[in-house]
Amino acid sequence: MDVNARPTTSIIGIARVMKEQIGDLIVRARFGGLPERVHLEGESIFRKGDLALMA
């Protein structure tokens, strides 16, 4: 996992395996009430060429 304060390409993989919604967590981080933990399930692998298909 890429730990980075900027939402870069790594957010694609994180969003695929995290049960919670990233947007919800961002809003909650601003206004309080973050959960103690998030729930991860599975794995995500993608390559540069896969990103062109997502656009």
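The coordinates are above.
A few points on the structure. (Residues numbered from 1 in each chain as written. Predicted model: local features only at pLDDT ≥ 70, side-chain atom pairs only at ≥ 80, totals over all residues. Heavy atoms only, no water.)

## Examining the overall build of the chain
The secondary structure content of the chain amounts to three helices and zero strands. The linear arrangement of helices and strands in the chain, starting from the amino end, is α-α-α. Counting across all 55 residues of the chain, residues that qualify as buried make up 13%. Residue pairs in contact within the chain that sit at least 24 positions apart in sequence constitute 41% of those at least 6 positions apart. (Helix = DSSP H or I, 4+ residues; strand = E, 2+ residues; numbered from the N terminus. Buried < 20%, exposed > 50% of the residue type's maximum accessible area, 1.4 Å probe, protein only. Contact = heavy atoms within 4.5 Å.)

## Here's the deal with the pattern of salt bridges
According to the stated counting rule, one finds two salt bridges in the structure shown. Notably, a salt bridge pairs Lys19 with Glu41, separated by 3.7 Å at the nearest N-O pair. With Lys19 in the loop between α1 (10-17) and α2 (22-31) and Glu41 in the loop between α2 and α3 (48-54), the pair connects residues that are 22 residues apart, well separated along the chain. The exposure classification of Lys19 matches that of Glu41, with both residues exposed. Put simply, Asp24 and Arg28 hold a salt bridge, and the shortest N to O gap is 3.5 Å. Placement of the pair is Asp24 and Arg28 together in helix α2, with a separation of four residues, close to one helical turn. Residue class for Asp24 comes out partly exposed when judged on its relative accessible area of 39%. (Salt bridge = Lys/Arg side-chain N within 4 Å of Asp/Glu carboxyl O.)

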